[in-house]
Every structure is written in C-alpha cells, then in structure tokens.
Amino acid sequence: MRARIVILISGRGSNMAAILAAGLPLQVAAVISNLPEADGLELAAAQGIPTVVVDHRLYPTRAAFDAALAETIEGYAPQLVVLAGFMRLFTAEFVARFRGRLINIHPSLLPSFPGLHTHRQALAAGVRIHGCTVHFVTEQVDHGPIVAQAAVPVLADDTEALLAARVLRCEHVLYPRVLQWWAEGRLEDQGGGRIRVRGSFRSSGSLMTPEPDA
Ligand code: GAR
C-alpha cells in the first residue's frame, strides 16, 4: 500500500504543485491550509485532491488552532505531514504529537537565516552561496534534523526577487526528491539530530562563487 501524506500550505503552493507533479510513489490524502484564500487549494482541488481549510483566525489561541489542525490531519491518517510554505509556528504539543512525521522546506541553507525574509537576510549578510533546506521539524523553529540541501550562487547584481526565484527552482527539485527517498524508506534517523539518506548517489560537484575570470 502506498504511504499517505498530507500537505500543509498557506499560499501559492508551488512546492505542493511540484510534489504533485513528480509522480511520487505515495498518496496525497489531503491538502490543508490555514487560509481559505491560499491559491494552492484550487490547484490541488483541480487535481482531485481533498482540500480542507482550518482558518487560524477562527481560534482564540494558538493551542486551540493547533489542536483543531492536528485532529484534521489525523483524520487522514498520514504517515508524514509535509509543510510546503505553511507559515504558522506550532506549539510544542503539536510538534511532539507529530515528532518524526513532520517535514519542512525552508528557503535558506540552515542553520543560516532561520525565520522570515531569508533572501533579504542572505543579501544583507553578503554570502556568496545561498539555497534551501529540507528538514524534520522540532520545537526549535527552523533547527530540526537536516535531510538535504540545495545551493545556488548569489550574484553581484541580485535582487531579493531574483535570488528567491533561483532558490525556488531548487526547492521544486529538492522537496520531491526527498519525499521519494522517504517513500522508499531511505531516511534513517541516526540520533543526535542527524539523518542519513541510505543508498549511494553522487554529489553533483562543488559550487564555487564568484568564479575567477577565464
Ligand atoms: C517557499 O519558498 C518555502 O520554502 C517557504 O515559503 C515559500 C512557499 O512557496 N517556506 C518558508 O519560508 C517556511 N519557513 P510556495 O507556496 O510556492 O511553495
């Protein structure tokens, strides 16, 4: 039987779309959003995937929202909860309930630039290499065990928008790939906050930037 996942979104849903388009050996049981206006909902519905809104604005506390969200998720009995641009912080109770089953993509090379406006942070810091990270979620925001990362160069004339677009293209490749590994049972928790991906595959080489003139 195929493993079941649910995907949580808050907006555009381009990572969700990349996951749906990848033909992964898993079943997307539902797409859940905390915002009814999230564009990704329509896209998922158009593909016949059940969509649900748990609007955080209707709950008096973060704990009440998280409890309702958790109940909704559990109703689909997923083995993995995939955060794809889900822009809400969780309570420790929620994280504990889904420990080891909650995975996220973050638009920076963690542990650099947690939080919001990661591309602006990267430009301000003057780094030459930036990217994205897929990691399991723990109580400490944007600090859980890292599964995989993808890197891009930061170019001299970059704007926040250009850099964001370059990173996003990597996100759309990296996240489906990680979910494929997960579905194949290749992610091994080694303890101490480290994940190993079983099986051999080559790295695609080094990224050095800027490069010297020819
Ligand atoms: C993505 O860049 C994702 O990495 C980021 O939000 C964007 C969602 O885009 N997530 C976070 O910042 C989480 N802290 P999408 O809705 O088009 O996938």
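You'll find the structure just up there.
Residues numbered from 1 in each chain as written. Predicted model: local features only at pLDDT ≥ 70, side-chain atom pairs only at ≥ 80, totals over all residues. Heavy atoms only, no water.

Enquirer: So, the pattern of salt bridges: which residues are in play, and what are the values?
Expert: Scanning all chains against the criterion turns up 11 salt bridges. The partner of Arg57 in a salt bridge is Asp55, and the shortest N-O contact between them spans 3.0 Å. A relative accessible area of 12% means that Asp55 is categorised as buried. Among the charged side chains, a salt-bridge network with shared partners connects Glu71, Glu74, Arg97 and Arg101. (Salt bridge = Lys/Arg side-chain N within 4 Å of Asp/Glu carboxyl O. Buried < 20%, exposed > 50% of the residue type's maximum accessible area, 1.4 Å probe, protein only.)

Enquirer: Explain helix H5 (residues 118-125) to me, using residue names and the numbers behind them.
Expert: Looking at H5, one finds that the buried residues are Thr118, His119 and Ala122. Buried residues in H5, looked at end-on, bunch into an arc of 100°, giving them a common side. Looking at the buried positions of H5, the neighbouring elements they touch are strand S5 (102-106), strand S6 (129-136) and helix H6 (160-183). (Helix = DSSP H or I, 4+ residues; strand = E, 2+ residues; numbered from the N terminus. Arc of directions from axis to C-beta. Contact = heavy atoms within 4.5 Å.)

Enquirer: Run through the site of the ligand, naming residues and quoting values.
Expert: Close to the ligand lie Arg12, Gly13, Ser14, Asn15, Gly85, Met87, Ile105, His106, Pro107, Leu168 and Glu171, which account for all nearby residues. At a separation of 2.5 Å, an oxygen atom of the ligand approaches a polar side-chain atom of Ser14. Measuring from an oxygen atom of the ligand, one finds a side-chain N or O atom of Glu171 at 2.7 Å. About the coverage of the ligand: the protein hides 87% of its 450 Å² of free accessible area. At a threshold of 2 Å from the grid points, most atoms of the ligand map onto the largest pocket. For the shell around the ligand, the secondary-structure elements that each account for two or more residues are helix H1 (14-21), S5 and H6. A per-class count over the shell around the ligand returns four nonpolar, five polar and two charged. (Near = heavy atom within 4 Å. Polar contact = N/O pair within 3.5 Å; in protein donor to acceptor, adjacent residues only side chain to side chain. Areas by Shrake-Rupley, 256 points an atom, 1.4 Å probe, with all protein chains shown as cover. 1 Å grid on protein atoms, 1.4 Å probe; cavity = no way out; pocket = protein on both sides within 12 Å on 5 of 7 lines; lining within 4 Å. Sits in = over half its atoms within 2 Å of the grid points. Nonpolar A, V, L, I, M, F, W, Y, C, P; charged D, E, K, R; others polar.)

Enquirer: Go over the side chain of Thr209, please, and point to the residues and values.
Expert: Summarising the element assignment, Thr209 is placed in the segment after strand S9 (194-197). Residue Thr209 is classed as buried on the basis of its relative accessible area of 18%. Look past the residues within four positions of Thr209 in its chain and what remains in contact with it is Arg128, Ile129, Pro153 and Val154.

Enquirer: Talk me through the pairing of strand S4 (residues 80-83); I want residue IDs and the actual numbers.
Expert: The two faces of S4 match: Leu80 and Val82 on one face and Val81 and Leu83 on the other face are all buried. Where strand S1 (residues 3-9) and S4 come together, four bridges link them in parallel fashion. Across the sheet, residue Leu8 finds its bridge partner in S4, namely Leu83. With three bridges connecting them, S4 and S5 associate as parallel partners. Bridge assignment links Leu83 to a residue of S5, and that residue is Asn104. Following the chain from S4 across helix H4 (residues 92-97) to the adjacent parallel S5, one finds a crossover that is right-handed. (Pairing = 2+ DSSP bridges. Right-handed = clockwise from strand over helix to strand, strands pointing away.)

Enquirer: I'd like a description of the layout of surface pockets, backed by residues and values.
Expert: Its boundaries defined by the atoms lining it, the largest pocket holds a volume of some 910 Å³. Around the largest pocket sit 35 residues that line it, and Gly85, Phe86, Met87, His106 and Pro107 are the ones nearest its centre. Listed by contribution, the elements that provide at least two residues to the lining of the largest pocket are H1, S5, H5 and H6. (Points joined across faces, edges and corners; volume = space filled by probe spheres on them.)

Enquirer: Please set out unusual backbone geometry residue by residue, giving values where relevant.
Expert: Cis geometry marks the peptide bond from Leu110 to Pro111; its omega dihedral reads 10°. Here the amide bond leading from Thr209 into Pro210 is cis, since omega sits at -5°, within 30 degrees of zero. Among the structural elements, Pro210 can be located in the segment after S9. With phi around 55°, Phe113 is a residue other than glycine that occupies positive phi space. Counting through the fold element by element, Phe113 comes out in the loop between S5 and H5. At His117, a position not held by glycine, the phi torsion is positive, near 50°. Along the chain, His117 turns up in the loop between S5 and H5.

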